[in-house]
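# Geometric and topological summary
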Amino acid sequence: MFAAVNDLQRTVGTYLSWRRMYEMMVYWETAGDDSAVEREFTRLWRVADKIVYSRTLETPSSARARIERTFDPEAIRALKASATRDLTIAGADLAVAGLVDEYHLFLLPVLIGGGHRALPDGVGLPLGLLDERRFAGGVVRLRYRVTA
């Protein structure tokens, strides 16, 4: 499954995320010594630009990162139009601003009684299934394209 994640990340030039997701992902700035797959993800993370949306984070703790105080969908549309590589968005609120072309959902066979929703209340998007893939241990990846 991790190799499949790397397949998706190879085309990414910029990560967009909220502070909490960024703080979790910054682990990859120095990690990746356990396996070839993890070393590759670490390399992919390091070479990508990162835009972190936060009102409280003072300075980024990774290379190629910048902090934006507010999320501006028009600025992201302009970035998307000029980008030569893919942008990836992590965070429910970021993913619903009409900016996302595809959704990749990894479903893990674990029930957890808390946490954040994948999307905020009141969001409804028509999606068309493009691909599905099953992995060992019951993990399933679903790939959807917004159809309207």
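Look above for the structure.
### With respect to the sheet that holds strand β4 (residues 86–90)
- Pairing is parallel in the open sheet, where 4 strands are placed in the order β3-β2-β1-β4. The strands lining the two open edges of the sheet, one partner per strand, are β3 (65–68) and β4. The mean angle between the axes of side-by-side strands here comes to 20°, regardless of whether they run parallel or antiparallel.
- By the bridge criterion, 5 bridges tie strand β1 (residues 12–18) to strand β2 (residues 49–53) in an arrangement that is parallel.

### Overview of the sheet that holds strand β6 (residues 127–134)
- A sheet is described by the order of its strands in space; here 3 strands give the open sequence β5-β7-β6, paired in antiparallel fashion. Across the chains shown, the open sheet's two edge strands, defined by having one partner strand only, are β5 (102–107) and β6. When the angles between neighbouring strand axes are averaged without regard to direction, this sheet yields 20°.

### Digging into the packing of aromatic side chains
- Enumeration according to the criterion identifies 9 aromatic pairs in this entry.
- Here the aromatic rings of Y15 and W45 are separated by 5.1 Å at their centres, their planes lie at 45°, and the arrangement is tilted. Of the two residues, Y15 is situated in strand β1 and W45 in helix α3 (residues 36–47); the sequence distance between them amounts to 30 residues. Neither residue differs from the other here; Y15 and W45 are each classed as buried.
- With 5.0 Å between their ring centres and 85° between their planes, Y27 and W28 make a pair best called edge-to-face.

Cut-offs applied
- Residue numbering note: each chain is counted from 1, following its sequence as written.
- Per-residue local features of the predicted model are confined to residues with pLDDT of at least 70, and side-chain atom pairs are confined, for both listing and counting, to 80 or more; whole-chain, interface and lining totals are unaffected and use all residues.
- Values reported for side chains reflect all heavy atoms of the structure, with hydrogen atoms and water molecules removed beforehand.
- Any two strands between which DSSP finds at least two bridges are classified as paired.
- Each helix corresponds to a stretch of at least 4 residues labelled H or I by DSSP, and each strand to a stretch of at least 2 residues labelled E; elements are numbered beginning at the N terminus.
- Fitted lines through C-alpha atoms serve as axes, helices being fitted only where they are in contact, and the angles separating the N-to-C directions of these axes extend from 0 to 180 degrees.
- Aromatic rings from Phe, Tyr and Trp, with only the six-membered ring used for Trp, were paired whenever their centres fell within 6.5 Å, and each pair was classed as stacked if the ring planes differed by under 30 degrees, edge-to-face if by over 60, and tilted otherwise.
- Whether a residue is buried, partly exposed or exposed follows from its accessible area with a 1.4 Å probe, protein chains only, as a fraction of its type maximum: under 20%, in between, or over 50%, in that order.

Function cannot be inferred from these measures alone, as they are strictly geometric.
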